[in-house]
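Residues per chain are reported as follows:
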Amino acid sequence: MKKADIIIVGGGVMGSSTAYSLRKNGFEGSIVVFEKDPTYEYSSTSRSAGGFRQLYSTAINIQLSRFSLAVYKNFAEDMAIGEEKAEIDFKQRGYLFLATERMLSSFQKQLKLQNSLGVPSEILTNADLLGIIPELETGDLAGGLFCKEDGYLDPYSVMQAYRKNAQFLDVDYVNAEVSTLLTESGRIKGVQLTNGTIYNSPIVINCAGAWGATLSEEIGLPLPIVPLKRQMYVFDSTTRLEKMLPLTIDPTGVYFRHEMDRVVAGFSDDVKPGIDFKWKRSSFDHLWPILAHRIPNFESLKLESGWAGMYDHNTVDQNAIIGEHPLMKGYYVALGFSGHGMQQAPGVGIGLAELICKGKYETLDLTPLRVERFAENDLVMEDAIV
Ligand SMILES: Cc1cc2nc3c(=O)[nH]c(=O)nc-3n(C[C@H](O)[C@H](O)[C@H](O)COP(=O)(O)OP(=O)(O)OC[C@H]3O[C@@H](n4cnc5c(N)ncnc54)[C@H](O)[C@@H]3O)c2cc1C
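Each chain has its residues counted from 1, running along the sequence as written. This being a predicted model, a pLDDT of at least 70 is required before a residue's local features are given, and a value of 80 or more before pairs of side-chain atoms are given or counted; all residues contribute to the totals for chains, interfaces and linings. Here the side-chain values reflect all heavy atoms present in the structure, with hydrogen atoms and water set aside.

The protein chain goes by FAD-dependent oxidoreductase in an unreviewed UniProt entry, where it is assigned to Sporosarcina aquimarina.

Below, the structure written as structure tokens:
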């Protein structure tokens, strides 16, 4: 039997950001991160679209993303190890929600809250939109909600930088799958691996992404989270655009951005929950007319590749569930991020580290995202879900 002072299940961006932040908060005990897929081929982080935005309708999401954005701004230097910078392809090309007439009043409302929290978002007219995307079809639009500080980055590099820095600070990454969480009389006791090995620990943090809710359910603590397949598509627009795209959300929900000289697009289709990484090329048939309508250059696009990834989708309010479980001492979760976890990872890691090391949130109050909110019916109802 082995032991650790803190065990983290899942070494994706959440687990690694948390491990690193625990050390930065002065935690000196042993930390073991179990990661079943060290290539990260199937982790959501590697398959993310990498968008970051402060364009939310709830204060907690705005604050969390604003805080994380400040971290990402200096990430390359702050997370350098020796001479090697942690490059993350950080592109502040803006984030843009295109609006029909009907959508504008809701965006006006969001804008007020965003501006009051320091976010320099703005409502754009159709003429402004053409200044950003000259090829845009604006006939059916009434403007958009835009934030120039936002944009996109490379999620895999962020995760690797957190992992390397955590390892540099003596966090132990073990290539193994946790089969069960172990509990005793309302306390977490440790984990058992699929090879039978038991690790004891008074603190276990569930950062297992799309697989996390199953582990929790198996110890009688279900969470309203399901794995939900999301598909991405990479195409060559063949006729070049004049400017690089912001991360743009069409009123239909189809989104797109540049990736080097290619364009990456995605859409949250209506699918049955379940782990499924099969990428269906034919699903692009739904996106193409929408893309071609919005940017006529895309009429002659060439679909090159794509992938499917998993949201750990919160079925109740589509937001993160963070903190100690009220029914299990020492059991912490950071799950349910749905489509906006990547951009929140720095703030989540620091929040959890403070909660564990100091018993309370100091930098950012993540209490609204607590596990208890479902029982208390104090949900975080976010309008800006992608
Ligand atoms: C297609 C797509 C597009 C997205 N776009 C965006 C976006 O634009 N912006 C944004 O902010 N977010 C986006 N997201 C969401 C974002 O990627 C996730 O919220 C975030 O990556 C979650 O990180 P994580 O560490 O919780 O999960 P993961 O990255 O999945 O990490 C969990 C890890 O746990 C490991 N694991 C699971 N079970 C076990 C076990 N039993 N034992 C050991 N290891 C285990 C897994 O192998 C995995 O590596 C997108 C997601 C997808 C799928």
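Requested: an account of the packing of aromatic side chains, with residues and values cited.
We call Phe, Tyr and Trp rings a pair once their centres come within 6.5 Å, taking the six-membered ring for Trp, and we label the pair stacked below 30 degrees between planes, edge-to-face above 60, and tilted otherwise. Enumeration according to the criterion identifies 15 aromatic pairs in this entry. Each ring, one from Tyr20 and one from Tyr162, has its centre 5.7 Å from the other, and the planes form 55°; the classification is tilted. Here Tyr20 is found in helix α1 (residues 13-24), whereas its partner Tyr162 is found in helix α6 (residues 155-168), with 142 residues between them in sequence. Across this residue pair, the class does not change: Tyr20 and Tyr162 are buried. Considering the side-chain rings of Trp211 and Phe277, the 6.5 Å spacing of their centres and the 25° angle between planes classify their relative orientation as stacked. Taken together, the residues span a long stretch of sequence, with Trp211 in the loop between β13 (204-206) and α7 (212-218) and Phe277 in the loop between β17 (262-267) and α8 (284-294) at a distance of 66 residues. One aromatic cluster is present, built from ring pairs that chain together Tyr233, Phe235, Phe256, Trp279, Phe284, Trp288 and Phe298. Both a distance and an angle decide whether a charge sits over a ring: NZ of Lys or CZ of Arg must be within 6 Å of the ring centre and within 35 degrees of the ring normal. Over the ring of Tyr311 we find Arg230; its NZ or CZ atom is 4.9 Å from the centre of that ring. Numbering goes from the N terminus for both helices and strands, where a helix is a DSSP run of H or I of at least four residues and a strand is a run of E of at least two. Using a 1.4 Å probe on the protein chains alone, a residue whose accessible area is under 20% of its type maximum counts as buried, one over 50% counts as exposed, and one in between counts as partly exposed.

So, the site of the ligand: which residues are in play, and what are the values?
Near, as used in this document, describes a residue that has one of its heavy atoms within 4 Å of the molecule or strand being considered. Near the ligand, the surroundings consist of 38 residues, among which Glu35, Ser44, Thr45, Gly51 and Gln343 are the closest. Think of a polar contact as two N or O atoms within 3.5 Å of one another; within protein, one of them needs to be a possible hydrogen donor and the other a possible acceptor, and neighboring residues in sequence only count if both atoms come from side chains. Within the side chain of Glu35, a nitrogen or oxygen atom sits 2.6 Å from an oxygen atom of the ligand. Met342 has a polar backbone atom sitting 3.1 Å from an oxygen atom of the ligand. Protein coverage of the free-state accessible area of the ligand, which is 1,000 Å², stands at 98%. Among the secondary structure elements, those contributing two or more residues to the shell around the ligand are α1, β3 (31-35), β14 (225-236) and β18 (302-314). Ranked by residue count, the leading element in the shell around the ligand is β18, at 3 residues. Each residue belonging to the shell around the ligand can be placed in one class, and the counts come to 17 nonpolar, 15 polar and 6 charged. There are two domains that each give the shell around the ligand at least three residues, and those are domain 1 (2-67 + 155-224 + 316-373) and domain 2 (95-151 + 226-311). Values of accessible area rely on a 1.4 Å probe in the Shrake-Rupley scheme; residue burial ignores everything except the protein chains shown. Following the grouping adopted for this structure description, the nonpolar residues are Ala, Val, Leu, Ile, Met, Phe, Trp, Tyr, Cys and Pro, the charged ones are Asp, Glu, Lys and Arg, and the polar ones are all others, Gly among them. All domain edges in this entry derive from an automatic or database-based domain assignment.

Help me get a handle on the sheet that holds strand β15 (residues 247-249), residues and values and all.
In short, DSSP must find at least two bridges between two strands for them to pair. The sheet built from 8 strands is open, its strands ordered β6-β7-β5-β15-β16-β17-β14-β18 with mixed pairing. Unpaired on one side and paired on the other, β6 (121-124) and β18 mark the two borders of the sheet. For this sheet, the mean inter-axis angle between neighbouring strands, taken without regard to orientation, is 20°. Axis definition: a line fitted to C-alpha atoms, over the contacting stretch in the case of helices. Angles run 0 to 180 degrees between N-to-C directions.

Any chance you could break down the UniProt feature "domain: FAD dependent oxidoreductase" (unreviewed entry) in the protein chain for me, citing the residues and the numbers?
UniProt positions are given in the numbering used here, feature names are shortened, and annotations may be inferred rather than shown by experiment. The UniProt record annotates "domain: FAD dependent oxidoreductase" (unreviewed entry) at residues 5-355. Measuring from the first to the last C-alpha atom of residues 5-355 gives 15 Å, for a span that is 28% helix and 28% strand.

So, the domain arrangement of the protein chain: which residues are in play, and what are the values?
Partitioning the protein chain into domains gives domain 1 (2-67 + 155-224 + 316-373) and domain 2 (95-151 + 226-311). Computed over C-alpha atoms, the centres of domain 1 and domain 2 are 29 Å apart. Residue contacts follow a heavy-atom distance rule, with two residues in contact if any of their heavy atoms lie within 4.5 Å. Across the boundary between the two partners, domain 1 contributes 23 residues, which contact 29 residues of domain 2. Summed over both partners, the accessible area (1.4 Å probe) lost when two parts come together is defined as the buried area. Buried area between domain 1 and domain 2, both sides added, is near 2,100 Å², and the carbon and sulfur share of it is 63%. Of all residues in domain 1, Arg47, Ala49 and Leu55 bury the most surface against domain 2, accounting for 29% of the area lost on that side. We count a salt bridge whenever a side-chain nitrogen from Lys or Arg sits within 4 Å of a carboxyl oxygen from Asp or Glu. At the junction of domain 1 with domain 2, the criterion picks out 1 salt bridge. Between Arg66 and Glu149 there is a salt bridge, with the nearest N and O atoms lying 3.2 Å from each other. With 4 residues, the top contributor of residues to the side of domain 1 that touches domain 2 is helix α2 (residues 59-73). Taken together, the residues of the side of domain 1 that touches domain 2 break down into 10 nonpolar, 10 polar and 3 charged.

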